[in-house]
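Structure assessment
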Amino acid sequence: MGPAQHQSYGGVDTTNESINRTKILLLGARRSGKTSILQVLFKDLPPKQTFYLEPTMRVTRHTFDTIIPLEIWDCPANITVDTLEAPLSDFSTIIFVIDIRDLYQQPVAKLVEFVVAAFQANPNVDFEVFVHKAEKLQEDDKYENFRQIHERVIDRLADESPEFEQVPLNFHLTSVYDNTLQDAFSRVIHKVIDSLPYLEGLLNVFCSNTSCLKAFLFDIRSKLYVATDASPVDQATHNLCCDYLQMLNSFGPLYKSNATSNPRTAVFSPIQATSADESSSTPTNSSNSLSSAPPKPIVFPSAAASLTPSQPGTTLTYHLVTPHLALLALLPTTVYEMRRGLVEWNVVWFREGVREIWEVEKERSELTPLPLCL
């Protein structure tokens, strides 16, 4: 097997080895949908075009930055524990993708092989099973196949050894044609974010102070929510937020901010950063002109949409928090219209809290060079 390939999502330089990334191993049989999952989530590939993707022939390392830096290993179908070129203990999470229409015997055997080896190398590793391409079956057949796959995996683990019956496996029904994939991958990422309790605490305080019905902290590009408040996640609400974020991503490049930015507090549109200095066509080399012109305030894009325009109901709001993250919140329309200043004041403090956590996570991910031996 040749050397691993490197690809980046979100403009990340994969050649930079000074960042300590959380590693996720992505496994599955041929044509199970591994590469399609990554391309749809992180490269905005239309689901209908996934059919034309070529099979993965070698291990490909994809880097992606959200609240924490990630490195996802996309592996070919013939990969084994011995040919992986890295110990399983290096990975925090192992995701195994199974085509819901597959015959199950071969992929289940491969899944069990990796579960046994990984559990022996690192008992704390998280195992996630994506029963993928769920859109191919009718509703009843979909859940029946999902149940059969779940039972066969558990039975095969029990046949290996009674101790493997207690291995926590999380099964998700996924498809690239709806938001079940975003929901499943979001739950995977939650388990590797050490600062998740603090992010959830900030969201809970925001909801309490603003009478918010539901709040998510979304990664803008991938539409993965890295945190949410304590209330249960309703699938319809999650779908609504994903669709709204997709709409803003589609139209965001048409707009830009004209506020001045500095290295620590940049201006970000829903897609990319833009400042007056970057958009100006006239160079200014005079220090007097820079000192005489007062800096413009930093602008963080926001948006709102009423879900029931004809009558008071619910308003969905969007507030940019960091270059990669945005707060999406469902508020009663009466609260948003009558107490909008209070809502935006709480957004300011929420943004400050998240940015502090983001800065801490960024510092933690930077590898400290080893001291020289004397």
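You'll find the structure just up there.
Below is a short write-up of the structure. (Residues numbered from 1 in each chain as written. Predicted model: local features only at pLDDT ≥ 70, side-chain atom pairs only at ≥ 80, totals over all residues. Heavy atoms only, no water.)

1. Looking at the nonpolar core
Let me state the cut-off plainly: Residues grouped as a nonpolar core are buried Ala, Val, Leu, Ile, Met, Phe, Trp, Tyr and Cys residues, joined through side-chain atoms within 4.5 Å. Accessibility here uses a 1.4 Å probe with only protein chains present; expressed as a share of the type maximum, an area under 20% marks a residue as buried, one over 50% as exposed, and anything in between as partly exposed. Under the scheme used here, helices are H or I runs from DSSP no shorter than 4 residues and strands are E runs no shorter than 2 residues, and both carry numbers assigned from the N terminus. In what follows, residue pairs with any heavy atoms lying within 4.5 Å of each other are defined as contacts.
Core analysis: the biggest nonpolar cluster contains 46 residues, and Phe130, Phe185 and Leu217 have the highest contact counts within it. With six residues, helix α10 (residues 340-365) is the largest single contributor of residues to this core. With residues near it in sequence (within four places) discarded, Phe130 still touches Ile37, Ile95, Phe96, Val97, Ile98, His172, Thr174, Leu181, Ala184, Phe185 and Val188. One finds Leu84, Ile100, Val112 and Val131 within the second-largest nonpolar core, a separate group that totals 37 residues.

2. Brief notes about the packing of aromatic side chains
Put simply, the rule reads: Two rings from Phe, Tyr or Trp (for Trp, the six-membered ring) form a pair when their centres are within 6.5 Å of each other. A pair whose planes differ by under 30 degrees is stacked, one over 60 is edge-to-face, and the rest are tilted. Two conditions define a charge sitting above a ring: the NZ of Lys or the CZ of Arg must be within 6 Å of the ring centre, and it must be within 35 degrees of the ring normal.
The full count for this structure, using the stated rule, is twelve aromatic pairs. Geometrically, the ring pair formed by Phe206 and Phe350 is tilted, given 6.0 Å between the ring centres and 50 degrees between the ring planes. Placement of the pair is Phe206 in helix α5 (residues 196-210) and Phe350 in helix α10, with a sequence separation of 144 residues. The class of Phe206 is buried, set by a relative accessible area of 3%. By way of ring pairs, the aromatic residues Phe42, Phe64, Phe130 and Phe185 are connected into one cluster. Seen from the ring of Phe216, Lys214 lies directly overhead, with NZ or CZ sitting 5.4 Å from the centre.

3. Structural notes on α10
For the α-helix, the turn length of 3.6 residues means that residues three or four positions removed from each other point alike. Inclusion rule: An expected span of 1.5 Å times one less than the residue number is assigned to each helix.
Helix length check: α10, at 26 residues, gives a terminal C-alpha distance of 37 Å against a target of 38 Å (1.5 Å per residue), a fit within 8%. Buried residues of α10: Val343, Asn346, Val347, Phe350, Arg351, Gly353, Val354, Arg355, Ile357, Trp358, Glu361 and Ser365, and no others.

4. Observations concerning the packing of helix α1 (residues 34-42) against helix α4 (residues 180-190)
Note the threshold: Here an angle of 0 to 180 degrees is reported between the N-to-C directions of two axes, which are lines fitted to C-alpha atoms, with helices fitted over the stretch in contact. Roughly parallel means an angle under 35 degrees; roughly antiparallel means over 145; roughly perpendicular covers 65 to 115; every other angle is labelled oblique. Here the term charged refers only to Asp, Glu, Lys and Arg, the term nonpolar to Ala, Val, Leu, Ile, Met, Phe, Trp, Tyr, Cys and Pro, and the term polar to all other amino acids, Gly among them.
Where α1 contacts α4, the axes come no closer than 11 Å and their chain directions differ by 95 degrees. One element, α1, and the other, α4, form an angle in the roughly perpendicular class. Contacts from Ile37, Leu41 and Phe42 in α1 reach Leu181, Gln182 and Phe185 in α4. Taken together, the residues that form the contact of α1 with α4 break down as five nonpolar, one polar and no charged.

5. Some words on a negative patch on the surface
Going by this rule: Each patch is built from residues that are more than 30% exposed by relative accessible area and take part in no salt bridge. Like charges join if they lie within 9 Å; nonpolar side chains (Val, Leu, Ile, Met, Phe, Trp, Tyr) join within 5 Å. For accessible areas, the Shrake-Rupley method is used with a probe of radius 1.4 Å. Any residue's cover is judged against the shown protein chains and nothing else. Whenever Lys or Arg places a side-chain nitrogen within 4 Å of a carboxyl oxygen from Asp or Glu, that contact is recorded as a salt bridge. Counting rule for charge: Lys and Arg are taken as positive, Asp and Glu as negative, and neither His nor the chain ends is counted. In this description, the location of a charge corresponds to atom NZ of lysine, CZ of arginine, CG of aspartate or CD of glutamate.
A cluster of acidic residues, Asp155, Asp159, Glu160 and Glu165, forms a negative patch at the surface. Tracing the backbone through its elements, the reader meets Asp155 in helix α3 (residues 139-160). Taking relative accessible area as the criterion, Asp155 reaches 48% and is therefore assigned partly exposed.

6. What about the environment of His324?
For His324, the position within the fold is in the loop between β11 (314-320) and β12 (325-332). A relative accessible area of 25% means that His324 is categorised as partly exposed. The sequence separation of His324 and Thr66 amounts to 258 residues, and the corresponding C-alpha distance is 6.1 Å. The residues contacting His324, other than those within four sequence positions of it, are Asp65, Phe218, Asp219, Ile220 and Trp358.

7. Describing the pattern of salt bridges
When the charged atoms of two side chains with opposite charge come close together, those side chains can pair. One pass over the structure, following the stated rule, counts eleven salt bridges. For the salt bridge of Lys191 with Glu128, the shortest nitrogen-to-oxygen distance reads 2.8 Å. Here Lys191, found in the loop between α4 and α5, pairs with Glu128, found in strand β6 (residues 126-132); they are 63 residues apart in sequence, far enough to count as distant. Here Lys191 falls in the partly exposed class, since its relative accessible area comes to 40%. With a shortest N-O distance of 3.4 Å, Lys214 and Asp229 are connected by a salt bridge.

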